[in-house]
Amino acid sequence: MSASQPPRTADVPTLLVKIFGKDRPGITAGLFDTLAAYSVDVIDIEQVVTRGRIVLCALITAPTAGGTSEGELRATVHSWTESLKLQAEIISGTGDNRPRGSGRSHVTVLGNPLTAESTAVIAASITGTGGNIDRIFRLAKYPVTAVEFAVSGVETEPLRTALATTGSEIGVDVAVVSAGLHRRAQRLVVMDVDSTLIQDEVIELFAAHAGCEAEVAEVTARAMLGELDFEQSLHARVALLAGLDASVVEKVRAEVRLTPGARTLIRTLKRLGYQVGVVSGGFTQVTDALQEQLGLDFAAANTLEIVDGRLTGRVVGEIVDRAGKARLLRRFAAEAGVPLAQTVAIGDGANDLDMLNAAGLGVAFNAKPVVREAAHTAVNVPFLDTVLYLLGITREEVEAADGEDG
């Protein structure tokens, strides 16, 4: 049958058989064993089990062979379900399901908790754009509740714009990505380091040893908000570190705290064959150690100059600033052989904006307001592995893989 020809079930009588009740082993096999006596064809199947209750739907052709009738099939199915203390509903119709509308997207909603009210608002917003919700399923129940809506009938960009506004208004994280084979392709994921991969601002850790932490923290905050030029602020802050003994590097490395979920995120991505990198306005003295510790494929950052065992208060080499991060994302993608559209960038500060906008999917992670407004999507929970849900990876899959590896 050519692609232009309609399916052979397009105009034939069909039955939607719906079974629901308390789940137990053998229900699915039992239903289809019952239907097999009527020589029907299976067109579609859906099954969901929620808190021990099953809903099983089978779309089948109406019986025609051997002189059997639809009425006989109905009577047999109802008799079988009654014997198992289940309920059945059988609806007559014609042909298959309606084709899904053009424009297909995955909408991931993260809530902690996810309330009925916020779910209603999200669903209404999808409908308001002209979209139709085709399917909903849960990706995770902890540390946040994550659900995914399969939506058709509206293009991804207007849907993303509408839901970004809705999510911001009700305090729920909503991510929208286009559906298609590309979602299953290998990708490159590139993260910022300070306040993203790790909980700290590395320059503030150095500054604490130099006795100027408060002064540096104030300049850092203004730079991340986009109020100061990053390169100028970097030189000003690093100058305050002049004279520190180089042994402070090991102390700072020991003080670095990974963001909750960071190891899980990277471990899972690597299992899937993704390549993972970091770009940082911080320092190679820390990112090189993180690259080795976490098995990262790429790492780039600024480098503190050390002469005669002391920090000079200067940086050497190419400056990694806002434009530099986007440039490095493109470089890493080229080296990894991954199209830019298949990259994911994660960051929190204004100097991450060019990188987030250049990536196929830019994720603002617990970010400043200016970043949340400009990124493709925002995650505002303190668990970095929630990014996995935006890629359609479930918590159960992560835990199963961890269990297999001990």
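Here the structure is a predicted model, which is why all the values come from computation and not from measurement.

Chemist: For the confidence of the model for the protein chain, give the residues involved together with the corresponding values.
Modeler: On average, residues of the protein chain score 91 in pLDDT, and 96% of them are at 70 or above. Averaged pLDDT values for the elements of the protein chain fall to 84 in helix H6 (residues 213-224) and rise to 98 in strand S11 (residues 298-307). Considering only residues more than four positions removed or in separate chains, one finds that residues 1-6, a stretch of pLDDT under 50, has three contacts.

Chemist: Run through the UniProt feature "active site" (unreviewed entry) in the protein chain, naming residues and quoting values.
Modeler: Mapped onto this numbering, the UniProt entry annotates "active site" (unreviewed entry) at Asp192 and Asp194. Of note, aspartate 192 is situated in the loop between strand S9 (188-191) and helix H5 (202-210). The class for aspartate 192 is buried, based on a relative accessible area of 4%. Leaving out residues up to four positions away in the same chain, aspartate 192 has contacts with Leu197, Val279, Ser280, Lys325, Ile346, Gly347, Asp348, Asp352 and Met355. Within the structure, aspartate 192 has its side chain in polar contact with the side chain of lysine 325 (distance 2.9 Å). Structurally, aspartate 194 can be placed in the loop between S9 and H5. For aspartate 194, a relative accessible area of 8% puts it in the buried group. Not counting the four nearest positions on each side in its chain, aspartate 194 is found in contact with Asp200, Glu201, Val202, Ile203, Ser280 and Asp348.

Chemist: If you had to explain the packing of H5 against helix H8 (residues 248-255) to someone new, which residues and values would you point to?
Modeler: Two elements in contact, H5 and H8, have axes whose closest approach is 10 Å; the angle formed by their N-to-C orientations is 125°. Of the possible angle classes, the one that applies to H5 and H8 is oblique. Along this stretch, H5 crosses H8, giving a crossing that reads as right-handed. Residue-level contacts link Val202, Leu205, Phe206 and His209 of H5 to Val248, Val249, Lys251, Val252 and Glu255 of H8. Considered class by class, the residues forming the contact of H5 with H8 number six nonpolar, one polar and two charged.

Chemist: Help me get a handle on the nonpolar core, residues and values and all.
Modeler: Counting residues in hydrophobic clusters, the biggest one holds 62 residues, and the most contacted among them are Met191, Leu197, Phe206, Phe283 and Ile346. Top element by residues in this core is H5. It accounts for five residues. Both domains that meet at this core, namely domain 2 (105-179) and domain 3 (188-405), each give it at least three residues. The residues contacting isoleucine 346, other than those within four sequence positions of it, are Val189, Val190, Met191, Asp192, Thr196, Leu265, Met355, Leu356, Val363, Phe365, Leu384 and Val387. Among the nonpolar cores identified, the runner-up in size contains 23 residues, and Val190, Phe298, Leu328 and Val371 belong to it.

Calculation notes
Along every chain, residues carry numbers that run from 1 in the direction the sequence is written. A pLDDT threshold of at least 70 governs which residues receive local features in this predicted model, and a stricter bar of 80 or more applies before side-chain atom pairs are shown or counted, although totals over entire chains, interfaces and linings include all residues. Hydrogens and waters are ignored; side-chain quantities use all the structure's heavy atoms. pLDDT expresses, on a scale from 0 to 100, how confident the predictor is about each individual residue. Helix numbering and strand numbering both begin at the N terminus, where a helix is a DSSP run of H or I of at least 4 residues and a strand a DSSP run of E of at least 2. The criterion used for residue contact is that any of the two residues' heavy atoms lie within 4.5 Å. UniProt positions are given in the numbering used here, feature names are shortened, and annotations may be inferred rather than shown by experiment. Only protein chains enter the calculation, and the probe is 1.4 Å; a residue is then buried if its accessible area is under 20% of its type maximum, exposed if over 50%, and partly exposed in between. Any pair of nitrogen or oxygen atoms within 3.5 Å is treated as a polar contact; in protein, a donor-acceptor pairing is required on top of that, and neighbouring residues in sequence qualify only through side-chain atoms on both sides. Fitting a line to C-alpha atoms yields each axis, with helices limited to the stretch in contact; the angle taken between N-to-C directions then spans 0 to 180 degrees. Angles are sorted into four bins: roughly parallel if under 35 degrees, roughly antiparallel if over 145, roughly perpendicular if 65 to 115, and oblique for all others. For a crossing to be left-handed, the near helix must be turned anticlockwise from the far one by less than a right angle; the clockwise case is right-handed. Gly is put with the polar residues, along with every residue not named as nonpolar or charged; the nonpolar set is Ala, Val, Leu, Ile, Met, Phe, Trp, Tyr, Cys and Pro, and the charged set is Asp, Glu, Lys and Arg. We call a set of buried Ala, Val, Leu, Ile, Met, Phe, Trp, Tyr and Cys residues a nonpolar core when their side-chain atoms join them within 4.5 Å. Where a domain begins and ends is set by an automatic assignment or by a domain database.

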